[in-house]
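# Chain and residue survey
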Amino acid sequence: MAELLLEKRCNRFLEHADTVWKDEDMENRIQVLSNHYHRGYGAPNPEPDIIHINKVRPRTITRVASMHVRKPEVLVRPRRAGFEQAAMSGELLLNYLTRFKKYSHELREWLFYASLYPYGVLKLGMEGPKSLSLPMMRAWHPKNFRCDPTTDTFRPSEGSWQAFRYRRSIAFLEASGLYDEKGMDTLREKVGKEDKDWSPETTEVWITEHYLHPTPGKRDVQIMVSADGYNERAFQSGDNIWIREDEWTHVIGLPGRCLVFAPSPLKWYPIALPEFYLDQLVLGNLMQTLKVRAAQRSIPKTLADANALGDEGLAAMESSHAKQILPVKNVPQKGLSEVIADVRSTPVNTDVIMGVIDADNAIQEIDGSSGVQLGRSEPERGSTSATRDALIEQNF
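From a predicted model like this one, the values you see are computed outputs, not experimental measurements.

Before going further, it helps to examine the overall build of the chain. From N to C terminus, the chain includes eleven helices and twelve strands. By residue count, 42% of the 396 residues in the chain fall in the buried class. Partitioning the intrachain contacts of the chain with sequence separation of at least 6 by distance along the chain shows that 65% fall at a separation of at least 24. With the model as given, the accessible surface of the chain reaches about 23,200 Å², and the carbon-plus-sulfur share is 53%.

What follows is the structure in structure tokens.
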């Protein structure tokens, strides 16, 4: 009975969290931010006539590089007399884990997610053989994390539930030895009924790992794991198969550690930093496009009488004349009064040039990255740019 109540509680939390996720269009927001980072535009199929300049990626990697070092060193100092030896042992262990267990890489990815998306997630726990379990941290993609939606806003550390989603093969689940054999038998039976060609090595199961704060009669945080589908097939609501229920011991609180730079005053989820200046990105791209078009129109051009000059004459003018040649078939007594004639051109309007500068300045003011960080300060351009490039090269 207690197990059934825990399962229902986990399902209610997950359904509520998914509802909030959909209401705030988080899936689309994350996809738009990913597109801006990789391509410089948010829409899947942007207008081909608009120039798109990627301003999200350099600001994201500069922010991460300014906050993260490749090989951080942990220092432990005892607060009480007599703890010197314990502090020394703890310092050695933490530096070992940081250097050799790739903690630095996970922290960098955590910062990256928080800089690009509304938040970054670290999953904490223990891993390794039972005889030598070591602390573990893993950066988790924000779209595969849910936290208690009953809090007044996004506050994972204050909630009583968290969930992590991932995919694993049935063979991997079996080899881990963590999951209930009866639940695994039920899972294999269900998959076998729906897919006659399945195999443990190639069939991937969608897993949701729930963590619950202590409930009456339970001393520690509870971990509840359910299989919600396999490959591209999702189980019907309420048909998920529970394959683990256990106490998550040796921990304080829930495993997810979230980093947020900008909480939202209007929404439940935070705001991603690039979302503040997406409108300015659109304006900047439009002004850059107008600048290029105006520059193309301002190039001096010459009309040439194709009838009078012929192909050889036109070819000679193209090779020896600095101006663009526009051949036209002139009719005698009409059109051109001479064999060649200059077309009147105007320089690029200063309003267009200033529009590009204003849009870029607005992005910089909203984002908060200084010109020195981005290598823009002319007196120190070489040194600051080299410093930034060195940081990015080391960290990425």
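All right, on to the packing of aromatic side chains then. Inspection of the entire model under this criterion finds 16 aromatic pairs. When the centroid spacing of 4.9 Å and the interplanar angle of 85° are considered together, the rings of Trp268 and Tyr269 count as edge-to-face. Relative accessible area serves as the criterion here: at 2%, Tyr269 is assigned to the buried category. Cluster of aromatic residues (ring-pair linked, three or more members): Trp21, Tyr119, Trp140, Phe145, Phe154, Phe164, Tyr166, Tyr211, Trp268 and Tyr269. Lying across the ring of Phe164, Lys123 places its NZ or CZ 5.2 Å from the centre.

Turning our eyes to something else, we now look at the nonpolar core. In this structure, Tyr119, Phe145, Leu187, Val205, Ile207, Ile243 and Tyr269 are the most contacted members of the largest nonpolar core, which totals 56 residues. With seven residues, helix H5 (residues 103-116) is the largest single contributor of residues to this core. Residues in contact with Leu187, not counting those within four places in the same chain, are Val205, Ala227, Phe235 and Ile241. Counting residues in hydrophobic clusters, the runner-up holds ten residues, among them Cys10, Ala17, Trp161 and Ala163.

On to helix H8 (residues 278-298). The end-to-end C-alpha separation of H8 is 30 Å, in line with the 30 Å expected for 21 residues at 1.5 Å each. What H8 keeps buried is the set Leu278, Leu281, Gly284, Asn285, Met287, Gln288, Thr289, Ala294 and Ser298. On its buried face, H8 sits against helix H2 (26-39), helix H3 (56-67) and helix H10 (350-367).

With phi around 55°, Asp25 is a residue other than glycine that occupies positive phi space. Along the polypeptide, Asp25 turns up in the loop between helix H1 (2-23) and H2. Even without a glycine there, the phi angle at Asn231 is positive, about 50°. Following the sequence through the fold, Asn231 ends up in the loop between strand S6 (221-230) and strand S7 (233-234). Residue classification places Asn231 among the partly exposed residues on the basis of a relative accessible area of 23%.

Right, let's talk about the pattern of salt bridges for a bit. Scanning all chains against the criterion turns up 15 salt bridges. Among the salt bridges present, the one from Arg167 reaches Glu232, with a minimum N-O distance of 3.7 Å. Of this pair, Arg167 sits in strand S4 (residues 161-169) while Glu232 sits in the loop between S6 and S7, and the two are 65 residues apart along the sequence. Judged by its relative accessible area of 27%, Arg167 is partly exposed. Counted as one network, the salt bridges with shared partners bring together Glu174, Glu181, Asp185 and Arg188.

So, about the pairing of S6. In terms of burial, S6 is largely enclosed, as ten of its ten residues are buried. Where strand S5 (residues 204-212) and S6 come together, eight bridges link them in antiparallel fashion. Bridging from a neighbouring strand, Val205 pairs with Tyr230 of S6. In this sheet, strand S8 (residues 241-248) lies alongside S6 in antiparallel orientation, the contact comprising seven bridges.

Glancing now at the environment of Asp195. Within the fold, Asp195 resides in the loop between helix H7 (181-194) and S5. Those residues in contact with Asp195 that lie beyond four places of it in its chain are Tyr230 and Arg233.

This part is about the packing of H3 against H5. Packed helices, taken two at a time, are described by the angle between their axes plus the distance between the axes. At a closest axis distance of 9 Å, the pairing of H3 and H5 adopts a crossing angle of 135°. Between H3 and H5, the crossing angle belongs to the class labelled oblique. As for the relative orientation of H3 and H5, their crossing is right-handed in sense. Of H5, the residues touching H3 (which contributes Val56, Thr60, Arg63, Val64 and Met67) are Arg108, Leu111, Phe112, Ser115 and Leu116.

Cut-offs and rules
- Residues numbered from 1 in each chain as written.
- Predicted model: local features only at pLDDT ≥ 70, side-chain atom pairs only at ≥ 80, totals over all residues.
- Heavy atoms only, no water.
- Helix = DSSP H or I, 4+ residues; strand = E, 2+ residues; numbered from the N terminus.
- Buried < 20%, exposed > 50% of the residue type's maximum accessible area, 1.4 Å probe, protein only.
- Contact = heavy atoms within 4.5 Å.
- Areas by Shrake-Rupley, 256 points an atom, 1.4 Å probe, with all protein chains shown as cover.
- Phe/Tyr/Trp six-rings, centres within 6.5 Å; stacked < 30°, edge-to-face > 60°.
- Lys NZ or Arg CZ within 6 Å of the ring centre and 35° of its normal.
- Core = buried A, V, L, I, M, F, W, Y, C linked by side-chain atoms within 4.5 Å.
- Expected span 1.5 Å × (residues − 1).
- Salt bridge = Lys/Arg side-chain N within 4 Å of Asp/Glu carboxyl O.
- Pairing = 2+ DSSP bridges.
- Axes fitted to C-alpha atoms, helices over the stretch in contact; angles between N-to-C directions.
- Parallel < 35°, antiparallel > 145°, perpendicular 65-115°, else oblique.
- Left-handed = near helix turned anticlockwise from the far one by under 90°.

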